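Commentary on secondary and tertiary structure
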Amino acid sequence: QVQLVESGGGLVQAGGSLRLSCSSSGSILSFHHMAWYRQGPGKQREFVSSITSDIGTYYADSVKGRFTISRDGAKNTVYLQMNSLKPEDTAVYYCNAVVVRDTRYDYWGQGTQVTVSS
């Protein structure tokens, strides 16, 4: 069983920056990919960014050029650097890890709140 713990959320003014961290109890190098999702008030959970085992990175159009995903295999941690934050980035951010064996297994963290004030 993989446990994921997010941290780094908080309150920031528009234009500011935050760095989210997702620490894994298992080796992140064994995952097919890891991702960040978010769920804003009254909205469905949406994809933000992902990083694959071969370090390919993907971003939602809404965050492209502002957010950067990275990982540290030695620390079993994935990061999301968020710059130029906007009020519409306000959401609970969730870390996701995907393992693919005979089938797909998804693991989720508990989420961390990011609030961007205007």
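Our structure is the block above this text.
Turning our attention to the state of the cysteines. Two cysteines whose sulfur atoms are joined by a covalent bond form what is called a disulfide. As enumerated under the stated definition, the model contains 1 disulfide in all. Paired by a disulfide, Cys 22 and Cys 95 hold their sulfur atoms 2.0 Å apart. Judged by the sign of its S-S torsion, about -80°, the bond between Cys 22 and Cys 95 is left-handed. With Cys 22 in strand S3 (residues 18–24) and Cys 95 in strand S9 (residues 91–100), this residue pair connects regions lying 73 residues apart in the sequence. Here Cys 22 matches Cys 95 in class, with each residue buried.

Right, let's talk about the environment of Gly 9 for a bit. Relative to the helices and strands, Gly 9 is located in the loop between strand S1 (4–7) and strand S2 (10–13). Apart from the residues lying within four places of it in its own chain, the contact partners of Gly 9 are Leu 18, Leu 20, Thr 112, Gln 113 and Val 114.

Residues Thr 112, Val 114 and Val 116 point to one face of strand S11 (residues 112–117) and are all buried, whereas Gln 113, Thr 115 and Ser 117, pointing to the other face, are not buried. With 3 bridges joining them, S9 and S11 adopt antiparallel strand pairing. Following the sheet pairing, Val 92 is matched in S11 by Gln 113.

Another point: the packing of aromatic side chains. For the structure on display, the rule yields 2 aromatic pairs. Ring geometry for Tyr 37 versus Phe 47: centroids 5.7 Å apart, planes at 80°, classification edge-to-face. With Tyr 37 in strand S4 (residues 33–39) and Phe 47 in strand S5 (residues 46–52), this residue pair connects regions lying 10 residues apart in the sequence. Judged by its relative accessible area of 19%, Tyr 37 falls in the buried class. Judged by its relative accessible area of 31%, Phe 47 falls in the partly exposed class. Taken together, the ring pairs in this structure connect Tyr 37, Phe 47 and Trp 108 into an aromatic cluster. Just above the ring of Trp 108 sits the side chain of Arg 45; from NZ or CZ to the centre is 4.7 Å. It is Arg 101 that lies over the ring of Tyr 105; its NZ or CZ is 5.8 Å from the centre.

Definitions and limits used
- Residues numbered from 1 in each chain as written.
- Predicted model: local features only at pLDDT ≥ 70, side-chain atom pairs only at ≥ 80, totals over all residues.
- Heavy atoms only, no water.
- Disulfide = S-S within 2.5 Å.
- Helix = DSSP H or I, 4+ residues; strand = E, 2+ residues; numbered from the N terminus.
- Buried < 20%, exposed > 50% of the residue type's maximum accessible area, 1.4 Å probe, protein only.
- Contact = heavy atoms within 4.5 Å.
- Pairing = 2+ DSSP bridges.
- Phe/Tyr/Trp six-rings, centres within 6.5 Å; stacked < 30°, edge-to-face > 60°.
- Lys NZ or Arg CZ within 6 Å of the ring centre and 35° of its normal.

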